[in-house]
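Each chain, letter by letter, is given below.
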2 protein chains.
Amino acid sequence: MSRRPNAAPGSQGIPEATIARLPVYLRVLYTCAEQGIATVSSEELAAAAGVNSAKLRKDLSHLGSYGTRGVGYDVDYLVYQVSRELGLTQDWPVVIVGAGNLGRALANYGGFASRGFRIAAVLDADRTVVGTEIAAGQVVGSSDAIEEVVAERGVSIGVIATPAAAAQGVCDRLVAAGVTSILNFAPVVLNVPAGVDVRKVDLSIELQILAFHAQRRSDVRVPASGKRQYRGGVALPALAGSAGESVTAP
Amino acid sequence: MSRRPNAAPGSQGIPEATIARLPVYLRVLYTCAEQGIATVSSEELAAAAGVNSAKLRKDLSHLGSYGTRGVGYDVDYLVYQVSRELGLTQDWPVVIVGAGNLGRALANYGGFASRGFRIAAVLDADRTVVGTEIAAGQVVGSSDAIEEVVAERGVSIGVIATPAAAAQGVCDRLVAAGVTSILNFAPVVLNVPAGVDVRKVDLSIELQILAFHAQRRSDVRVPASGKRQYRGGVALPALAGSAGESVTAP
DNA sequence: CGCTGTGAAGTTCTTCACAGCA
DNA sequence: TGCTGTGAAGAACTTCACAGCG
């Protein structure tokens, strides 16, 4: 990626891995709150979040000592602290570029507008789409207006939901306009200057990772025959190992 | 996450972190191939993939010694080797549950059917959606047929694109029917038995991670209640190290 | 010479295990 | 007593730096 995570000296230096889990904890905490649960132990919270309790406690300890020994964590208080740490106590206007199937899905995604984020605009380059309403009260604007929207509404987070070919161009314009955080759904590696944060969501990469594990499970260690020309044999060093099948081990 | 992947002793034990990057390399390699490039160096490939070259070389070394010293890697040969490692030399039928905005976006996603994956079915619980054609030749089926589809078509990868409330139920049914790999787009932590692999794609988590970094960037100035201030981030003098980042020349 | 492949050093993240407080 | 918070051990991953081969 393009950032040094916790190298910054002034900041508290919360590990990147912890940051990535805080949103999960936060979601679980909201669920607890809705159910009227006032206090949770690290064990309970960890189970609901799908992590181990030591990890959860260490994660939370980076924010401060917000638990009570012998009792657990106060749900509401922790919600507030985690939200604050993540910067969700302020509202983040977001611009979505690309109003295709995905852009529309995003615009209609409830959790979007819910906590901390607000869709400032959905833009598209296709004239036939501009002007149509794709979500309640959300009319697609022209992507010519990227700079204008970013500047006027103080957008610092952009979502790219365009075809791959258009992504880098859109990215460049977003960055030039002042956006410093980008969520990229297009299947390309974006090139950005230092100081801009990019996260990618890539369906096909996720599927390929799943395919790898699925293959390993079915363990059809194919003889790798169809080798074609090139450096024929190469005799893969330690290929043999047939042992690793059962992933279980309870 | 429940069990460890490369804890298996006999297996080749390719690090999980490496697996997660192979699809990126593969994509870049395809791009090279399309452009008629026959050979790439680790430096070039790494730049295009947005990683550092030592990491790329180490990653590839886990697959075997497929490069030529003093020259680089043969593009076609490497494409084949990476594909084989990821299990993409076989075809994976995938079932998508949920034909809402997101399900439709997925069904229309080109890269889906392209390499290694095939949509076996798109299912939904809503009777008014069942029977409609959401993509070329893709008619939505009833989610009553989950078990049937999985069994008949030998599906081992399922994609959950339902509302949060329905996700766990769908997941349980997929798993019971024999699916062992799940890609979850619903904002919930899925509970699965050991041996089932779940990957999640969660928009709001990604946004929250971006918000954290965006906040930190703007916090460089005023503490507390500091309104957004795009563009301020460039300061970060101590971040120096960012010299030769993944900035590829265009 | 140029570039790969890799031992070794360095860094980050996870897990253990328990001291210590409510 | 029960549970948090944390030092310390361990595992995973990254980066360095260079031997070695084409």
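Everything numeric in this text was worked out from a predicted model, so none of it was measured.

All right, on to the nonpolar core then. Buried together is how nonpolar side chains tend to be arranged in soluble globular proteins. In this structure, Phe112 and Phe117 of chain B are the most contacted members of the largest nonpolar core, which totals 105 residues. In this structure, Phe117 of chain B is in contact with Leu207, Gln208 and Ala211 of chain A together with Leu88, Asp91, Trp92, Val94, Phe112 and Ile157 of chain B, ignoring residues within four places of it in sequence. In this structure, Val95, Val175, Ala186 and Val192 of chain A belong to the second largest nonpolar core, which totals 24 residues.

What follows covers the protein's contact with DNA strand C. Of all residues adjacent to DNA strand C, which total 25 residues, the nearest are Arg21 of chain A together with Ser42, Arg57, Gly67 and Tyr73 of chain B. Backbone atoms, meaning sugar plus phosphate, form 58% of the atoms of DNA strand C positioned within 4 Å of the protein. The contact in question runs from a phosphate oxygen of DNA strand C to an N or O atom on the side chain of Asn52 of chain A, over 3.5 Å. Between DNA strand C and Tyr66 of chain B, the relevant distance is 3.3 Å, taken from a phosphate oxygen to a main-chain nitrogen or oxygen of the residue. Among the secondary structure elements, those contributing two or more residues to the surface near DNA strand C are α1 (16–34) and α3 (53–61) of chain A together with α3 (53–61), β2 (67–68) and β3 (72–74) of chain B. In terms of residue class, the surface near DNA strand C is made up of 6 nonpolar, 10 polar and 9 charged.

All names here are of chain A. Bridge analysis of strand β5 (residues 117–124) against strand β7 (residues 138–142) gives 3 bridges, and the strand direction is parallel. The residue bridging Leu123 from the neighbouring strand is Gly141, located in β7. Note that strand β6 (residues 133–135) and β7 share 2 bridges and pair antiparallel. From the neighbouring strand, Glu133 faces β7, where its bridge partner is Val139. As consecutive antiparallel partners, β6 and β7 are separated by 2 residues, and within that stretch Gly137 has a phi angle of approximately 70°, a positive value.

With that settled, consider the sheet that holds β3 of chain B. In a beta sheet, neighbouring strands pair by backbone hydrogen bonds and run either parallel or antiparallel. Residues and elements named next belong to chain B. Strand order across the open sheet formed by 3 strands is β1-β3-β2, with antiparallel pairing between neighbours. If you trace the sheet from one side to the other, it starts and ends with β1 (39–40) and β2, each paired once. Strand direction decides the pairing type here: β1 and β3, joined by 2 bridges, are antiparallel. Across the sheet, the residue bridging to Thr39 is Asp74, located in β3.

Moving on to the protein's contact with DNA strand D. Around DNA strand D sit 25 residues, and of these Ser42, Arg57, Gly67 and Tyr73 of chain A together with Arg21 of chain B come closest. Contact between DNA strand D and Tyr66 of chain A: a phosphate oxygen at 3.3 Å from a main-chain N or O atom of the residue. In this structure, a phosphate oxygen belonging to DNA strand D sits 2.9 Å away from a main-chain N or O atom of Gly67 of chain A. At 4 residues, the largest contribution of residues to the surface near DNA strand D is made by α3 of chain B. Of the residues assigned to the surface near DNA strand D, the class counts are 6 nonpolar, 10 polar and 9 charged.

Reading the values: the criteria
- Residues numbered from 1 in each chain as written.
- Chains lettered and ligands numbered in written order.
- Predicted model: local features only at pLDDT ≥ 70, side-chain atom pairs only at ≥ 80, totals over all residues.
- Heavy atoms only, no water.
- Core = buried A, V, L, I, M, F, W, Y, C linked by side-chain atoms within 4.5 Å.
- Buried < 20%, exposed > 50% of the residue type's maximum accessible area, 1.4 Å probe, protein only.
- Contact = heavy atoms within 4.5 Å.
- Near = heavy atom within 4 Å.
- Polar contact = N/O pair within 3.5 Å; in protein donor to acceptor, adjacent residues only side chain to side chain.
- Helix = DSSP H or I, 4+ residues; strand = E, 2+ residues; numbered from the N terminus.
- Nonpolar A, V, L, I, M, F, W, Y, C, P; charged D, E, K, R; others polar.
- Pairing = 2+ DSSP bridges.

So, to be careful, I would describe these as geometric facts and stop short of saying anything about function.
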